[in-house]
Amino acid sequence: DLLVIGGGSGGIATARRAASYGKKVIVFEENRYGGTCVNVGCVPKKLMWQASTISHLLHGQAKFYGFGMDNITFDMKGLKERRDDYVKFLNRIYENNLNRDGITHVEGHAKFVDKYTVECNGKKYSGDNVLIAVGGFPYKPNKNTFDGYEFINTSDDFFNKLDYLPKKCCVVGAGYIAVELAQVLQLLGSDVSLFIRGDHPLRAFDILIEKGVHNSLVKSGVKVITNSVLTGIYKEDSGELKVKTEEYVATDASKGKKCNEYSGFDYILYAIGRGPLSEELGLDKTDVKQDKRGFIISDEYEETAQKNVFALGDINNKMALTPVAIRAGRFLADRLFKADQLKLDKSKQTIMKYELVPTVIFTHPPVGTIGYSERDAYKLAKSGDIEAPITIYETHFRNLQYGVIRSTDADKNKRDQENEMLAKKYKIKTHMKVICSGKTEKVIGLHMIGEGCDEILQGFGVAMKMGATKADFDSVCAIHPTAAEELVTLKKPRSNNNFTYEFETWNDDESKTDE
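Caption draft 1: Region of interest: the overall build of the protein chain. Along its length, the protein chain carries 12 helices and 24 strands. Here the protein chain has a C-alpha radius of gyration of 25 Å; the compact-globule value for 515 residues is 24 Å, and the two agree. Each principal axis of the C-alpha atoms in the protein chain carries an extent, and together these give about 80 × 65 × 55 Å. By the burial criterion, 51% of the 515 residues in the protein chain qualify as buried. When contacts within the protein chain are restricted to residue pairs at least 6 apart in sequence, those whose partners lie at least 24 apart make up 66%.

Below, the structure written as structure tokens:
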């Protein structure tokens with residue numbers, strides 16, 4: 001009844017839901033079960049984030065809480081071994097679940113040989129429905145034109161191979177993976193430089209998150225080199241790596257380009273996005289259509305241009321998030337098999353809604369975001385697509401956990417100076433923004449960066465999916481003392497839409513030279 005190419009989150013979720021309706025399902029997977037998330041994504045990343053969080057607390061805050069923290073050591077190799085063992089444990093769970101549900105699974109590379117026939121390991125399989133859920137791969141520069149291509153590591157390499165802590169690391173990229181791994185490495189003890197093409201990382205997000213994450217990177221010690229593009233990587237006589245860049249600098253009169261060099265690196269990590277694993281699927285034997293980057297085009301029902309061939313997850317580039325792929329896959333199986341059993345027409349079938357999807361970025365502190373950004377809200381209100389006016393509520397504060405990070409010097413002047421230094425070094429502010437639409441002030445956007453914002457978001461996401469208004473937020477009694485209480489105690493709207501967010505920049509002219 002269903003052939004599934006890809007044993008990641010979306011593929012397995014679809015297969016298991018289909019099997020629950022008594023359907024015959026085969027899953028093809030050429031690597032480890034669980035896909036990107038389990039093996040080289042969410043799961044090992046969150047464990048590394050947890051390690052860096054512990055390091056951050058031990059080195060930055062523990063002494064202010066009375067703990068003596070001398071001779072702290074870190075064993076990267078041991079951590080990797082335990083992390084890998086946990087991932088293998090999850091791989092076995094996925095495989096056991098397939099066995100328990102009676103799903104045939106074939107290990108090998110599957111590809112189309114005609115519109116509804118898939119070949120794997122020399123054997124041909126046919127099915128009434130075919131799902132493509134093969135995921136993606138990390139982009140790298142062009143091998144034939146980029147000097148030093150052989151020195152590049154991707155996020156896959158980071159998780160699969162890296163078992164030591166680099167002394168000095170170059171990270172390239174401005175998205176989720178780049179900012180997360182840059183801070184992980186920095187807080188574990190590496191000296192990290194992050195090279196980004198624009199003024200800020202995470203440019204697709206609300207400006208509060210753009211600049212909030214930029215500030216958090218700098219605060220954690222990451223050197224953020226903006227408006228820069230790496231042009232080559234070179235090995236020096238010392239064995240260390242040097243990178244060359246083109247950096248775009250603005251003056252009052254014009255914009256210019258400057259070449260720079262940065263040296264002393266022992267690890268180069270590229271995190272410049274992910275592409276679709278679609279090249280070797282035999283799609284030329286089908287009517288499936290792709291966009292110019294190779295992502296498979298599918299409609300709101302996840303169906304491709306070829307009837308009864310579907311695509312979901314990272315391969316269709318709608319929203320590359322594990323829970324989205326799982327949810328979309330289960331809905332697909334419901335439509336294909338449960339709806340058929342109940343004779344439901346399309347108007348009564350459930351489809352994946354790719355809006356109001358909460359997501360978290362595991363920076364330090366973490367980010368939580370859902371809904372429209374401020375810039376999009378104003379734009380849509382102006383065009384009449386959402387109800388005007390747009391009202392913005394914000395709060396900016398330091399979390400209570402920083403309360404004891406303070407000087408006890410008896411001299412007031414010295415105490416004030418030291419407190420100012422401690423605030424700059426350790427106390428990063430929490431920022432929260434609530435975006436409301438129309439006279440009813442329906443909440444259409446929520447953006448946060450701060451301690452606990454990753455866990456706070458889920459519940460508020462439920463409220464927003466239910467159509468919550470600002471008055472609904474206000475009707476809830478605050479939980480004190482928490483960061484979350486700020487979201488139900490916001491009283492005064494921000495005065496205008498030209499608010500400027502301050503952020504710190506890194507500048508060290510001695511570390512680079514003009515070429």
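From this point, the narrative continues.
Caption draft 2: Looking closely at the sheet that holds strand β12 (residues 223-225). The five strands are arranged β9-β16-β10-β11-β12 in an open sheet whose pairing can be described as parallel. Looking at which strands have only one partner, the edges of the open sheet turn out to be β9 (152-153) and β12. Contacting β10 (168-172), β11 (191-195) and β16 (267-270), helix α6 (residues 176-188) crosses the sheet at an angle of about 165 degrees to β11.

Caption draft 3: Summary view of the sheet that holds strand β23 (residues 442-449). In space, the five strands of this open sheet follow the order β19-β20-β23-β22-β21, with antiparallel pairing throughout. Every other strand in the sheet has two partners, leaving β19 (359-361) and β21 (390-398) as the edge strands with one partner each. Recorded for the sheet is a direction-independent mean angle of 20 degrees between the axes of neighbouring strands. In terms of strand pairing, strand β22 (residues 429-437) meets β23 through seven bridges, oriented antiparallel. Each residue of the ladder has a partner; that of Cys436, found in β23, is Val443. The strands touched by helix α11 (residues 453-465) are β19, β20 (367-371), β22 and β23; relative to β23, the strand with the most contacts, the crossing angle is about 175 degrees.

Rules behind the numbers
- Residues numbered from 1 in each chain as written.
- Predicted model: local features only at pLDDT ≥ 70, side-chain atom pairs only at ≥ 80, totals over all residues.
- Heavy atoms only, no water.
- Helix = DSSP H or I, 4+ residues; strand = E, 2+ residues; numbered from the N terminus.
- Rg over C-alpha atoms; globule rule 2.2 N^0.38 Å.
- Buried < 20%, exposed > 50% of the residue type's maximum accessible area, 1.4 Å probe, protein only.
- Contact = heavy atoms within 4.5 Å.
- Pairing = 2+ DSSP bridges.
- Axes fitted to C-alpha atoms, helices over the stretch in contact; angles between N-to-C directions.

Distances and angles like these do not, on their own, reveal function.
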